[in-house]
Amino acid sequence: MKREVANALLDIKAVSLKPNDPFTWASGIKSPIYCDNRFILSFPEKRNIIVEAFVKTIKESYPDVEMLFGTSTAGIPWASLVADRLGLPMGYVRGDNKDHGKKNQIEGHVVENTKVVVIEDLISTGGSVKTVIEPLLAAKQEVLGVVAIFTYELAKASKLFEEMNISYKTLSNYSTLIEEAVKNNYVSANDLAKLKEWKKDPSNEEWMNK
């Protein structure tokens, strides 16, 4: 599954690799990879691969789930599609409370002690997921775990999930994707060392000299 999802992302350029002309993230970090999973929604065949992978992962890892919550905004369409396929209720969590009306941060019918899974599109440092999990826990939801399409496999994210004591699964990951990228000639075998080095410490630009 991880390889099929990785190739789906590469095929439509939802993930782009440029080890010799890196992207600059908002944080200022130079990165050989840029991921825009919103792009998948425009490709029905690839979109279905992702939805089926979500369904399989949730059934296997969190069979007791009672409700799905999407992260705002990227996780909302995926939570909706997957909830429909599983016949589950869904909601979503805003980055902050609305400034009008009921001023909700959590949207949807919330019942205490509901077993929930959070749907995210991308895990980089894990910070955006934390802002979703905290209000769910405050609302007395039982967060079984998080499922995301892709992860950069950064140590910072793993440490954060460990500190929160929250399980997470991803449909594919950086290690699988760069292997498939070399195998299918999206990047050269010579670039693999740079791509692997970047993951060890994204803030250290020495990877560009590999």
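Before any of the text, the structure's been laid out above.
(A) The arrangement of the sheet that holds strand 10 (residues 168-173) in detail. Reading across the sheet, the 6 strands line up as 7-6-5-8-9-10 and stay open at both edges, with mixed pairing between neighbours. Looking at which strands have only one partner, the edges of the open sheet turn out to be strand 7 (106-107) and strand 10. Summarising the sheet, strand 9 (residues 142-151) and strand 10 pair through 5 bridges and their orientation is parallel. Bridged to Ala-148 within strand 10 is Thr-170.

(B) Structural detail: the pairing of strand 8 (residues 115-123). Within strand 8, 8 of the 9 residues are buried, leaving the element largely enclosed by the surrounding structure. Of the strand pairs in this sheet, strand 5 (residues 67-71) and strand 8 are connected by 4 bridges, and their pairing is parallel. The residue of strand 8 that forms the bridge with Leu-68 is Val-117. Here strand 8 pairs with strand 9 via 8 bridges, running parallel. For Lys-115, the partnering residue across the bridge sits in strand 9 and is Glu-142. Handedness of the crossover joining strand 8 and strand 9 through helix 4 (residues 127-138) is recorded here as right-handed.

(C) Focus on the packing of helix 2 (residues 44-61) against helix 3 (residues 76-86). Running from N to C, helix 2 and helix 3 cross one another at 65°; their axes reach a closest spacing of 10 Å. In the crossing of helix 2 with helix 3, the sense of the turn from one axis to the other is right-handed. In contact with Arg-47, Asn-48, Ile-50, Val-51, Glu-52, Phe-54, Val-55, Ile-58 and Lys-59 of helix 2, helix 3 contributes Trp-78, Leu-81, Val-82, Arg-85 and Leu-86.

(D) Up close: the pairing of strand 9. Strand 9 sits mainly inside the fold: 8 of its 10 residues count as buried. In this fold, the crossover linking strand 9 to strand 10 by way of helix 5 (residues 155-164) has right-handed handedness.

(E) Structural view of the pattern of salt bridges. With the rule as written, the count across this model stands at 11 salt bridges. Put simply, Arg-3 and Glu-180 hold a salt bridge, and the shortest N to O gap is 2.5 Å. Of this pair, Arg-3 sits in helix 1 (residues 2-11) while Glu-180 sits in helix 6 (residues 174-183), and the two are 177 residues apart along the sequence. Exposure remark for Arg-3: the relative accessible area of 41% places this residue in the partly exposed category. Residue class for Glu-180 comes out buried when judged on its relative accessible area of 4%. By sharing partners, the salt bridges in this structure join Arg-3, Glu-179, Glu-180 and Lys-183 into a single network.

Reading the values: the criteria
Residues numbered from 1 in each chain as written. Predicted model: local features only at pLDDT ≥ 70, side-chain atom pairs only at ≥ 80, totals over all residues. Heavy atoms only, no water. Pairing = 2+ DSSP bridges. Helix = DSSP H or I, 4+ residues; strand = E, 2+ residues; numbered from the N terminus. Buried < 20%, exposed > 50% of the residue type's maximum accessible area, 1.4 Å probe, protein only. Right-handed = clockwise from strand over helix to strand, strands pointing away. Axes fitted to C-alpha atoms, helices over the stretch in contact; angles between N-to-C directions. Left-handed = near helix turned anticlockwise from the far one by under 90°. Contact = heavy atoms within 4.5 Å. Salt bridge = Lys/Arg side-chain N within 4 Å of Asp/Glu carboxyl O.

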